Amino acid sequence: MANSKRNGTLQLQLAFLISMALAATATTTHLRFYMHDIVTAIPGSPVTAVPVVRGTTPLPVDPTTNFGDMYVIDDPLKEGPGAASPVVGRAQGFYILASQKELALQLCVNMVFTAGRHNGSYLVVQARDAILDKVRELPAIGAAGRFRGVTGYGLLRTHTFNPSTKNAVLKIDMYLRSV
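These notes cover the structure that comes with them. (Residues numbered from 1 in each chain as written. Predicted model: local features only at pLDDT ≥ 70, side-chain atom pairs only at ≥ 80, totals over all residues. Heavy atoms only, no water.)

On the surface, Val-47, Val-50, Val-52, Val-53 and Val-72 cluster together into a nonpolar patch covering about 350 Å² of accessible area. With three residues, the top contributor of residues to the nonpolar patch is strand 2 (residues 49-53). Assignment of secondary structure puts Val-72 in strand 5 (residues 70-78). Take Val-72: its relative accessible area is 38%, and that puts it in the partly exposed class. (Patch = residues over 30% accessible without salt bridge, like charges linked within 9 Å, V, L, I, M, F, W, Y side chains within 5 Å. Areas by Shrake-Rupley, 256 points an atom, 1.4 Å probe, with all protein chains shown as cover. Salt bridge = Lys/Arg side-chain N within 4 Å of Asp/Glu carboxyl O. Helix = DSSP H or I, 4+ residues; strand = E, 2+ residues; numbered from the N terminus. Buried < 20%, exposed > 50% of the residue type's maximum accessible area, 1.4 Å probe, protein only.)

In the Ramachandran plot, Lys-166 falls in the positive-phi region, its phi being about 65° despite a non-glycine side chain. Among the secondary structure elements, Lys-166 is positioned in the loop between strand 10 (151-161) and strand 11 (168-178).

Pairing between side chains of opposite charge can happen when their charged atoms approach one another. Evaluated as defined, the whole model comprises seven salt bridges. A salt bridge links Glu-102 to Arg-128, with the nearest nitrogen and oxygen atoms 2.6 Å apart. With Glu-102 in the loop between strand 6 (87-97) and strand 7 (104-113) and Arg-128 in strand 8 (residues 122-130), this pair connects stretches of sequence that are 26 residues apart. As a salt-bridge pair, Asp-129 and Arg-136 come within 2.6 Å of each other at their nearest N and O atoms. Overall, Asp-129 belongs to the buried group, its relative accessible area being 3%.

Formed by 32 residues in total, the largest nonpolar core has its most connected members in Phe-33, Met-111 and Met-174. Within the residue set of this core, elements represented by two or more residues are strand 1 (27-37), strand 5, strand 6, strand 7, strand 8, strand 9 (136-144) and strand 11. With residues up to four places along the chain from it excluded, the contact list for Met-111 reads Phe-33, Leu-77, Arg-90, Ser-121, Tyr-122, Leu-123, Val-125, Leu-138 and Ile-172. (Core = buried A, V, L, I, M, F, W, Y, C linked by side-chain atoms within 4.5 Å. Contact = heavy atoms within 4.5 Å.)

This structure, assessed with the given rule, holds four aromatic pairs. Consider the rings of Phe-113 and Phe-147, whose centres lie 5.6 Å apart with planes at 65°: the pair is edge-to-face. Taken together, the positions of Phe-113 in strand 7 and Phe-147 in the loop between strand 9 and strand 10 put the pair 34 residues apart, joining distant regions of the chain. Across the pair, Phe-147 and Phe-113 agree in class, each one buried. Put simply, the rings of Phe-33, Phe-113 and Phe-147 touch in pairs and so form one group of aromatic residues. (Phe/Tyr/Trp six-rings, centres within 6.5 Å; stacked < 30°, edge-to-face > 60°.)

Below you can see the structure in the form of structure tokens.
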């Protein structure tokens, strides 16, 4: 009995040491970029978010927006918040107004990188985006290219939002971990 208890303790200690060693070899990558979501064309910035479904029930917090409104997006991901900032990729996918009571989206997007050392790689993000919250979390649920096998998340913050045009610039900090 004493030997089996000692063996169990040794196995737990060994498992702990292996997990610590793996954690020590993991690397974390931090990416920061800005997603430019253009619903209404402005000079120098074409529309990048197109409404494809119009819901029928206006939201109590914004009667110009309906539960069920859906947009397909091909938003530029840029180094900075300015319109002239260099493009590093595209956010391609869709979002749908998924709450009947608040401004909350279901965001499904591939973040495809087209420049720099991550060119040709992409992250798959699926998240709830309560757009009035100061910070929202974006889980990375998949990836390819240089990001194959990573786990991670992003923190999404609204940098600017124009309520009349519904155009927005979103600051995204992605934290990716690979072993």
